[in-house]
Amino acid sequence: MSDGALLRTERLTCDFGALRAVNRVSLDVRAGTLHSVIGPNGSGKTTLFNLMCGEIVPTDGRVYFEGRDVTGLPSHRLPHLGLARSFQRTNVFGKLTAYENVWAAAFARRTPGALGFLRRASEFSEVDEEARRLLGEVGLAHKLTARAETLSHGQQRALEVGVTLASSPRLLLLDEPTQGLAPEATQQMTRLVQSLVGRYTILLIEHKMRIVMSISDRISVMAFGELIAEGTPDEVRENRDVQRAYLGARR
Amino acid sequence: MNTSLLAGAVLNGMVTGMLYALMGVGLSLILGLLNIPNFAHGVLYALGAYVMISGAKAFGFLGGLLTAIVAVAMLGAAIEYFGVRRLYRVHPDYILLLSFGLSLILTESIILVWGPVGITFQPPALLTGAIDLGVTAYPKYRLVVMVVTTVLVLGCYLFVTRTRYGAIIRAGIEDKEMAAALGINIRRVFTLTFAAGTGLAGLGGALMSPVRGLLPTMGIDILPFAFVVVVLGGLGSLPGAILAGLLVGVVQSLMTAIWAPGADASVFALMTLGIIARPQGLLGQR
Amino acid sequence: MTRGALLRFGLLLAAIVALPLAVRPVVASEIWIFAIAGMALNLIFGYTGMLSFGQATFFGLAAYTAGLMMIHWHAPLLVVLAAGTVVGALAAAAIGYVCIQRVGTYFIMLTFGFNQMFFFIAYKWTAVTGGDDGLPGIPRPPLALGPLAIRLDSSLRYYVFVAAVFLLAFYAMKRIVDSPLGVIFQSIRENPGRAAAVGYDVKRYKWIAFTIAGGFTGFAGVLYSMMFGIVPLESISWIISGDIVFMVLIGGIGNLYGPLLGAAAFKWLSEAISVVWERWPLILGVALVLVVLFLRGGLVEAFRRLRDALGPRARPEPGAKLPVGIAAETEAGS
């Protein structure tokens, strides 16, 4: 299983009434790679994530993770299988501190038996260490006790990634981690994502072309819910269909 | 059980049922817009009845009705404007708690103004007495109330589904921000809808006062049934509230005739079964 | 234990000792009984974000069960306490399972509806419950601890017992809240979607919270059944459900001590005012409206604002072992 597709979708389709948001998308994500999904707004990228992660049940098609059919599984099963996602609109636990946010996510993978719940939360030292480590990794070590809703947008985006990492996944689905970030914060986030390569397989939705071109191993391009191109960054850059889809917007 | 009794029970059930439907429609409007069960709905129904009898003393039956509707609707508007409005950004649960506090205040105020004892009220002379329907004799006034409430309920339904203003209300329920972005004065819609919903409750109380008599606890007594109607019918569904209202009214009335002790509990059993069998309610979505 | 926690606990012990000096022991006992029920509601509302308007279902069911067991079987004290707790938990497990399928408004109305159903059953089933007249003749069995049998006849003795078991219940609740469940419940309140996305079966945890709360509420109901020698119909009515909501709100949601303050304020106010004015629920309604509009953190928030006005707070030292659930301790649910 190490060299094959870690994640595979087969003709994944999603209809909202008469609107086909995702149309027979088949893609493979190979283990150890950083695979990006790009496309104009409304091309169905986030919907694709939602389909993969059980937020929406697909109208048709299948999703396989590590060879196992995970189509339509409820979202709370996925981290336990090794798959975790971040959200385009920051989706953390607002009134909990940054520390508690990551702690909660980390603990979910380590839930003990019933008796284990008799211990105080603060006694789970491995979870504590993991939470601190992750917060350090995303650059929030100085904000442990700050409530998530008081963090700046950039800090919240970092927390968003931290919470996702806390599930110790093998596959990370990152949905526009640099969304709304100023240039410097964008660079920091890009460096963070790059540091994750190799340790995690990453499926990344991104808008900022320079980032995508520089860090991706493979790129899939979506438009109007369909996959219109796929390949290495060079291949995609030269692809006529892609250029057309973006109406000449090349960075 | 003889047919006369049965017919009487069914008719009673329809009268009560249309009242429940009326309450349900008002509650549904508010629920749809504010996403919160209005715990004050019951006491506003009671207030309608009490204002009605005082108003009737001064202005006659119709005058009393009018006073009741206006008073309760204006109170509803005031509640929305001064209280509920502040809580939209906070959390829906707090609006519920506000309405709960108001229900206490208003119930006690009713006792202060009108006394704790039950009051009876006679329908206007024109409508006293019964009509012979063949299978049974039935009080004139109740028939009139049934017709009037049916007309009101249907009128509401048509208003909400067929008129432009109704479309605005539905838009506001669907997506407040979008509606506001389209230039609709969503705040005014909220206030007016709240006033309309509560006004309907007050009207219901006013109309029913000759039928059921008045008690300060009449609001508290009817509220759970109004909730059942809305839950059973499907949250936010007006036709659902109408259907459920009739169903609840008839079931309750029949049970009262067959086995009185189980009448009230059976309503809630009906709700439970309904929710388990069809979680979105009879005519609700999702 | 941190210094702040020690101070708060010390105040609690002082309050327990001083209370029967300030109010009649009967009222004092009621305060701790409702504090337990309030803590239970706080667990599902303050921590997990589910507003239940039907806690009296479990309070009353346990009270009636305990009463019947004591009348017909002369069941001992500890047995009825256990039985009531189990009844409360089982009823909550069953009812909760249905209610939790829905969220928000639906959930609230379902809990309310179930409460009404049991109320009407209790009202009409006079053979068992005594209906409107209540279930009379409830004894107060002595507390049997091995060879000892401590009689609890006087209201002061009963108060000591109630206060003691309250402390046990408080400790149990604190352990629950300090356990990982505390953080899990709060994460569900804050963002159920994300809680699921990080791997929690949200419905299951909500059900767990609801069931635990039912058990605590049942426990309180048993204590209540022995207060006046009678189980009044009111024990299962939505009036009690509403009272419990009041106490938690007025005291301060999401804070462990909130329900205690709320129960004390509520009971003391109702005692003090009801002798003077029969329409005292009006004051209660006004208090609730004011709290909802202007002071949503309840008395806890009022005290906090007072304390902050008097001097700045010490910040937690960095690097110190972070208690999880500090959000609940420091800035609860406001």
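Residues numbered from 1 in each chain as written. Chains lettered and ligands numbered in written order. Predicted model: local features only at pLDDT ≥ 70, side-chain atom pairs only at ≥ 80, totals over all residues.

1. Describing the overall build of chain C
And step 1. The secondary structure content of chain C amounts to 15 helices and two strands.
And step 2. The C-alpha atoms of chain C give a radius of gyration of 20 Å, which matches the 20 Å a tight globule of 334 residues would have.
And step 3. Considered along the principal axes of its C-alpha atoms, chain C spans approximately 60 × 50 × 45 Å.
And step 4. Taken across its 334 residues, chain C has 55% of its residues classed as buried.
And step 5. Considering only contacts in chain C between residues 6 or more positions apart, those separated by 24 or more positions represent 76%. (Helix = DSSP H or I, 4+ residues; strand = E, 2+ residues; numbered from the N terminus. Rg over C-alpha atoms; globule rule 2.2 N^0.38 Å. Buried ≥ 20, exposed ≤ 12 C-beta atoms within 10 Å, placed from the backbone. Contact = placed C-beta atoms within 7 Å.)

2. Looking at the overall build of chain B
And step 1. Check the secondary structure of chain B and you find 10 helices and two strands.
And step 2. For chain B, the N- to C-terminal ordering of α and β elements is α-α-α-β-β-α-α-α-α-α-α-α.
And step 3. The C-alpha radius of gyration of chain B comes to 19 Å, within 12% of the 19 Å expected for a compact globule of 286 residues.
And step 4. Principal-axis analysis of the C-alpha atoms places the extent of chain B at approximately 60 × 50 × 35 Å.
And step 5. For chain B, with 286 residues in total, the buried portion stands at 53%.
And step 6. Intrachain contacts of chain B at a sequence separation of at least 6 include 76% that bridge at least 24 residues.

3. Some points on the interface of chain C and chain B
And step 1. Listed per partner, the contact involves 30 residues of chain C and 36 residues of chain B.
And step 2. Elements that contribute at least two residues to the side of chain C that touches chain B include exactly helix 5 (104–124), helix 11 (238–251) and helix 13 (280–294) of chain C.
And step 3. Examining the composition of the side of chain C that touches chain B, we find that 13 residues originate from one element, helix 5 of chain C, more than from any other.
And step 4. For the side of chain C that touches chain B, the residue count by class is 19 nonpolar, seven polar and four charged. (Nonpolar A, V, L, I, M, F, W, Y, C, P; charged D, E, K, R; others polar.)

4. Some remarks on the sheet that holds strand 9 (residues 218–223) of chain A
All names here are of chain A.
And step 1. With mixed pairing, six strands are arranged side by side in an open sheet as 6-7-8-3-9-10. Two strands close off the open sheet at either side, each with one partner strand: strand 6 (83–85) and strand 10 (226–231). Shown here is a sheet whose adjacent strand axes are inclined to one another by a mean of 15 degrees, direction ignored.
And step 2. Two strands pair when backbone bridges link them, and strand 9 and strand 10 are joined in this way by five bridges, in the antiparallel orientation. Its bridge partner lying in strand 10, Ser220 is registered against Glu230.
And step 3. Helix 1 (residues 45–52) contacts strand 3 (34–38), strand 6, strand 7 (171–175), strand 8 (201–205) and strand 9 of the sheet and is inclined by roughly 145 degrees relative to strand 7. (Pairing = 2+ DSSP bridges. Axes fitted to C-alpha atoms, helices over the stretch in contact; angles between N-to-C directions.)

5. What about unusual backbone geometry?
And step 1. In this structure, Glu176(A) takes a positive phi of about 45 degrees despite not being glycine.
And step 2. Turning to its location among the elements, Glu176(A) is positioned in the loop between strand 7 and helix 6 (183–196).
And step 3. Backbone geometry places His74(C), a non-glycine residue, at a positive phi of 50 degrees.
And step 4. Structurally, His74(C) is set in the loop between helix 3 (56–73) and helix 4 (77–99).

6. A short note on the interface of chain A and chain C
And step 1. Each side of the interface is counted separately: chain A has 31 residues, and chain C has 29 residues.
And step 2. Residue assignment for the side of chain A that touches chain C shows that the elements contributing at least two residues are helix 2 (78–81) and helix 3 (98–108) of chain A.
And step 3. Of the residues forming the side of chain A that touches chain C, the biggest block, seven residues, is contributed by helix 3 of chain A.
And step 4. For the side of chain A that touches chain C, a count of residues per class yields 15 nonpolar, nine polar and seven charged.

7. Side note on helix 5 (residues 153–165) of chain A
Residue and element names in this part refer to chain A.
And step 1. Taking 1.5 Å per residue as the helical rise, helix 5 with its 13 residues ought to reach 18 Å, and the 19 Å between its terminal C-alpha atoms agrees with that figure.
And step 2. Most of helix 5 is tucked away, with 11 of its 13 residues classed as buried.
And step 3. Along helix 5, the positions that sit buried rather than exposed are Gln155, Gln156, Arg157, Ala158, Leu159, Glu160, Val161, Gly162, Val163, Thr164 and Leu165. (Expected span 1.5 Å × (residues − 1).)

8. Examining helix 1 (residues 3–34) of chain B
In an α-helix, one turn spans 3.6 residues; hence positions three or four apart end up facing the same way.
Residues and elements named next belong to chain B.
And step 1. Between its first and last C-alpha, helix 1 extends 45 Å over 32 residues, near the 46 Å set by a 1.5 Å rise per residue.
And step 2. Counting buried residues along helix 1, 25 of its 32 residues qualify, which places the element largely inside the surrounding structure.
And step 3. A positive backbone phi angle near 60 degrees is found at Asn35, which sits one or two residues after helix 1.

9. Examining the confidence of the model for chain C
All names here are of chain C.
And step 1. On average, chain C scores 89 in pLDDT, and the residues at 70 or more come to 93%.
And step 2. Confidence scores differ between elements of chain C, with helix 15 (residues 326–331) showing the lowest mean pLDDT of 39 and helix 10 (residues 202–225) the highest of 97.
And step 3. Every residue in residues 317–321 scores below 50 in pLDDT, and together they form one contact with partners more than four places removed in sequence or on other chains.
And step 4. Per-residue pLDDT stays below 50 along residues 325–334; that stretch engages in 29 contacts with residues further than four places along the chain or on separate chains.
And step 5. Model confidence for the complex is summarised by a pTM of 0.90, with the ipTM given as 0.92. (pLDDT = per-residue confidence, 0-100.)

10. Let's talk about the sheet that holds strand 5 (residues 68–69) of chain A
Residue and element names in this part refer to chain A.
And step 1. Taken in spatial order, the four strands of this open sheet run 2-1-4-5, and their pairing is antiparallel. Strand pairing shows two members of the sheet lacking a second neighbour, strand 2 (19–30) and strand 5, which therefore form its edges.
And step 2. Sheet analysis places strand 4 (residues 60–65) next to strand 5, joined by two bridges and oriented antiparallel. Across the sheet, the residue bridging to Phe65 is Arg68, located in strand 5.

11. Quick word on the pairing of strand 9 of chain A
Consecutive side chains of a regular strand alternate in pointing toward one face of the sheet and then the other.
And step 1. Extensive coverage of strand 9 of chain A is indicated by the burial of five of its six residues.
And step 2. Between the antiparallel neighbours strand 9 of chain A and strand 10 of chain A lie two residues, among them Phe224(A) with a positive phi of about 50 degrees.

12. Some thoughts on the nonpolar core
And step 1. Among the nonpolar cores identified, the biggest contains 281 residues, and Val102(A), Val229(B), Val231(B) and Ile36(C) are the most heavily contacted of them.
And step 2. Of all the elements, helix 2 (residues 41–82) of chain B adds the most residues to this core, at 18 residues.
And step 3. Looking at which domains feed residues into this core, each of domain 1 (1–82 + 169–251) and domain 2 (96–168) of chain A gives three or more. (Core = buried A, V, L, I, M, F, W, Y, C linked by C-beta atoms within 7 Å. Domains from an automatic or database assignment.)

13. Describing the confidence of the model for chain B
And step 1. For chain B, per-residue confidence averages 87 on the pLDDT scale, and residues scoring 70 or more make up 99% of the total.
And step 2. For chain B, helix 6 (residues 176–181) of chain B is the element with the lowest average pLDDT, namely 75, and helix 2 of chain B is the one with the highest, namely 93.

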